[in-house]
Amino acid sequence: MASRIINHSKKLKHVSALLRRDHVVPFRCFSNSTQPSLIGKEDIFKARLNYSSVERISKCGTGNVTMLSGISTTSTKLSSTMAGPKLFKEFISSQMRSVRGFSSSSDLPPHQEIGMPSLSPTMTEGNIARWLKKEGDKVAPGEVLCEVETDKATVEMECMEEGFLAKIVKEEGAKEIQVGEVIAITVEDEEDIQKFKDYTPSSDTGPAAPEAKPAPSPPKEEKVEKPASAPEAKISKPSSAPSEDRIFASPLARKLAEDNNVPLSSIKGTGPEGRIVKADVEDFLASGSKETTAKPSKQVDSKVPALDYVDIPHTQIRKVTASRLAFSKQTIPHYYLTVDTCVDKMMGLRSQLNSFQEASGGKRISVNDLVIKAAALALRKVPQCNSSWTDEYIRQFKNVNINVAVQTENGLYVPVVKDADKKGLSTIGEEVRFLAQKAKENSLKPEDYEGGTFTVSNLGGPFGIKQFCAVINPPQAAILAIGSAEKRVVPGAGPDQYNVASYMSVTLSCDHRVIDGAIGAEWLKAFKGYIETPESMLL
């Protein structure tokens, strides 16, 4: 097509008509004013592409052409102007990995490729938990297409444009889908749905760019192809030589090895390209390796019993938890501080508050609610522990947001109670119960677990663990591990007097880069004060 236009110069006057063909690169012209641009198409090509429209046509050819600027459009026709608000709407929708597809074939109309979005800052891949729309359904902006299992929770993915769901590329239950990978196709017209029945997404426009360079000069293409074929032949030979399924040996060497019950895989060939020859087999027999290799194999086969096991696939939350905790222990210098706190007064205050709650129809306050409140007030009193480490500075947070560890069937979640130092005990309790229920239902949203500055993990009340050391949740600098309360005999006022009191062990895990030992001890002292004198939390 391009060569015909160049060779027949009398047809160049129809360039403006040729530019409107489907195979020409689609792009949009933009203007700072609201008036249509009067610049001609040839001037546009010169300004945007540094060569004329005729040269552009000769370079495009009839193959696939990469779209300029990556902005999705709704037509394959050229447009000379575009208003500002419409441009912003299309550009924002393009940030959601929604790419408009074009085709020079009449069988593939304009369509939209919906990619796996990045739904959290640490997300690199996701799973399709459930499709809420079926192929052929009409979709509108704001409607939920599917539920995506991210590295932290299951999040609803909404549609950005109106149309019809033509093809579901990644079925329900698909796992380890990379961010940006196509998961569905939408079209504008309902009659175009059937044309995508057997559609498979292409592998981006990456390969097309290198092909566009050698296209104008055939001699360069030949030079590129010849060296490309040479390494393929070289690579194929050595890859087959060391294969365990195929071992190269001469017929005489193979016969000699079979007669002596010697596996060829245990003989190293010295012939061309590692080929086993007769001399290799004779050397192997002479060295006595046959006896030494045969005996261990029989012992292993006869003595090792078969193990019965079940392989449980990793969930996204399990993989992320493993990687983050491994990163924490490998990069954060942990140290641990433990203190015993008397909880008799706190339990008495809790009993009084719960009587008021029951009388007013409210929910009961738990020990964990009091612990969260005391930790938040201690952080406000010792703000050095409400910080995180970076390579350039230590960031000290003014907000006190407490993450609460919640164990579920799917894994460990840490929803956040924001501004816990400013909230009452009943409000903290309601939020913790609500977030814990969402965690068990695997329906937490990013705002439910992001933004924490300190974490509390309680294994004492639910499980009766006396004391443990928790792993810091990066990028935070500390985490508090709560053990169970137990009654102890303690000295009384007189020499022969003894009292019984309830004590709870708490352990603070600190990042030594941020929190020095004395600072950690000062925080524990403040926390112990609030627990043993709970009335001070009400001030």
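Every value quoted in this text rests on a predicted model; they were computed, and no experiment measured them.

A. Looking closely at the overall build of the protein chain. Scanning the protein chain for helices and strands turns up 17 helices and 19 strands. Across the 539 residues of the protein chain, 38% fall into the buried class. Restricting to contacts in the protein chain with at least 6 residues of sequence separation, those with at least 24 account for 63%.

B. Local environment of the pattern of salt bridges. Scanning the model with the defined rule gives 18 salt bridges in all. Lys 133 serves as the salt-bridge partner of Glu 143, at 3.1 Å between the closest nitrogen and oxygen. Of this pair, Glu 143 sits in the loop between β4 (138-139) and β5 (144-149) while Lys 133 sits in the loop between β3 (125-131) and β4, and the two are 10 residues apart along the sequence. On the basis of relative accessible area, Glu 143 is assigned to the partly exposed category, the value being 31%.

C. Molecular detail of the side chain of Gln 316. Tracing the chain through its elements places Gln 316 in helix α11 (residues 316-331). Owing to a relative accessible area of 3%, Gln 316 belongs among the buried residues under this scheme. In this structure, Gln 316 is in contact with Glu 125, Gly 126, Asn 127, Glu 149, Thr 150 and Asp 151, ignoring residues within four places of it in sequence.

D. A look at helix α17 (residues 517-532). For α17, with 16 residues, the first-to-last C-alpha span of 22 Å sits near the 22 Å given by 1.5 Å per residue. Considered for burial, the residues of α17 that qualify are Ile 519, Gly 520, Trp 523, Leu 524, Ala 526, Phe 527, Tyr 530 and Ile 531. Looking down the long axis of α17, one finds its buried residues gathered within 160° of arc, a one-sided arrangement. What points out from α17, more than 90 degrees from its buried face, is the exposed set Ala 518 and Lys 525. Check the buried side of α17 and you find it contacts β10 (334-342), α12 (344-360), α13 (367-381), β17 (454-458), β18 (478-491) and β19 (498-511).

E. Focus on the side chain of Thr 186. When you line up the elements, Thr 186 lands in strand β9 (residues 182-187). Under the relative-accessibility criterion, Thr 186 is labelled buried at 5%. Those residues in contact with Thr 186 that sit more than four places away from it in its chain are His 111, Gln 112, Ile 114, Phe 164, Leu 165 and Ala 166.

F. Representation of the sheet that holds β3 within the structure. With antiparallel pairing, the four strands of this open sheet are ordered in space as β6-β5-β3-β8. Bordering the open sheet on either side are β6 (154-158) and β8 (177-178), each of which pairs with just one other strand. For β3 and β5, the ladder comprises four bridges, and the chain directions are antiparallel. Directly across from Arg 130, in β5, lies its bridge partner Glu 147.

G. Spatial organisation of the packing of helix α8 (residues 251-259) against helix α9 (residues 278-286). Here α8 crosses α9 at 25°, and the two axes come no closer than 7 Å. Taken together, the axes of α8 and α9 lie roughly parallel to each other. Contacts between α8 and α9 involve Leu 252, Ala 253, Leu 256 and Ala 257 from the first element and Lys 278, Val 281 and Glu 282 from the second. Grouping the constituent residues of the contact of α8 with α9 by class yields five nonpolar, no polar and two charged.

H. Broad picture of the pairing of β6. Where β5 and β6 come together, five bridges link them in antiparallel fashion. Paired with Cys 146 across the strands is Met 157, a residue of β6. Counted between consecutive antiparallel strands, the loop separating β5 from β6 contains four residues.

I. Region of the structure containing the UniProt feature "domain: Peripheral subunit-binding (PSBD)" (unreviewed entry) in the protein chain. Residues annotated by UniProt as "domain: Peripheral subunit-binding (PSBD)" (unreviewed entry) correspond here to residues 248-285. Across residues 248-285 one finds 45% helix and 0% strand; the C-alpha atoms that close the span lie 19 Å apart.

J. Region of the structure containing the environment of Lys 418. Mapped onto the elements, Lys 418 comes out in the loop between β16 (416-417) and α14 (425-440). Each C-alpha atom of the pair Lys 418 and Val 400 lies 6.7 Å from the other, and the pair is 18 residues apart in sequence.

K. Looking closely at the sheet that holds β17. One open sheet holds the six strands; their spatial order is β10-β19-β18-β17-β13-β16, and the pairing between them is mixed. Of all the strands in the sheet, the pair left with one neighbour each is β10 and β16. The pairing of β18 with β19 spans 12 bridges and is classified as antiparallel. Within the sheet, the bridge partner assigned to Ala 481 lies in β19 and is Thr 507. Across the sheet, α13 touches β13 (402-404), β17, β18 and β19, and the angle it forms with β17 is around 150°.

L. Region of interest: a nonpolar patch on the surface. Side chains of Val 489, Tyr 498 and Val 500 sit close together on the surface and give an oily, nonpolar patch of about 370 Å² of accessible area. Mapping Val 489 onto the fold places it in strand β18. We classify Val 489 as exposed; its relative accessible area is 63%.

M. Region of interest: the packing of aromatic side chains. All told, the structure shown has three aromatic pairs when counted by the stated rule. Ring centres of Phe 196 and Tyr 199 lie 5.4 Å apart, and the angle between their planes is 65°; this geometry places the pair in the edge-to-face category. Residues Phe 196 and Tyr 199 agree in their burial class; the two are buried. Here the aromatic rings of Phe 454 and Trp 523 are separated by 5.3 Å at their centres, their planes lie at 35°, and the arrangement is tilted. Highlighted residues: Phe 454 in strand β17 and Trp 523 in helix α17, separated in sequence by 69 residues.

N. Representation of the confidence of the model for the protein chain in the model. On average, residues of the protein chain score 75 in pLDDT, and 69% of them reach the 70 mark or higher. Overall, residues 1-106 carries pLDDT values under 50, and its contacts beyond four positions in sequence, including any with other chains, amount to 125 contacts. Ignoring residues within four places in sequence, the model shows residues 290-300, a span with pLDDT below 50, making seven contacts including any to other chains.

O. Examining unusual backbone geometry more closely. In this chain, Pro 474 is followed by Pro 475 through a cis amide linkage whose omega measures 10°. Positionally, Pro 475 belongs in the loop between α16 (460-463) and β18. Of note, the phi angle at Asn 261 is positive, near 55°, even though the residue is not glycine. When you line up the elements, Asn 261 lands in the loop between α8 and α9. Of note, the phi angle at Asp 419 is positive, near 50°, even though the residue is not glycine. Its location among the elements puts Asp 419 in the loop between β16 and α14.

Quick notes on the rules
Residues numbered from 1 in each chain as written. Predicted model: local features only at pLDDT ≥ 70, side-chain atom pairs only at ≥ 80, totals over all residues. Heavy atoms only, no water. Helix = DSSP H or I, 4+ residues; strand = E, 2+ residues; numbered from the N terminus. Buried < 20%, exposed > 50% of the residue type's maximum accessible area, 1.4 Å probe, protein only. Contact = heavy atoms within 4.5 Å. Salt bridge = Lys/Arg side-chain N within 4 Å of Asp/Glu carboxyl O. Expected span 1.5 Å × (residues − 1). Arc of directions from axis to C-beta. Pairing = 2+ DSSP bridges. Axes fitted to C-alpha atoms, helices over the stretch in contact; angles between N-to-C directions. Parallel < 35°, antiparallel > 145°, perpendicular 65-115°, else oblique. Nonpolar A, V, L, I, M, F, W, Y, C, P; charged D, E, K, R; others polar. UniProt positions renumbered as here; feature names shortened; annotations may be inferred. Patch = residues over 30% accessible without salt bridge, like charges linked within 9 Å, V, L, I, M, F, W, Y side chains within 5 Å. Areas by Shrake-Rupley, 256 points an atom, 1.4 Å probe, with all protein chains shown as cover. Phe/Tyr/Trp six-rings, centres within 6.5 Å; stacked < 30°, edge-to-face > 60°. pLDDT = per-residue confidence, 0-100.

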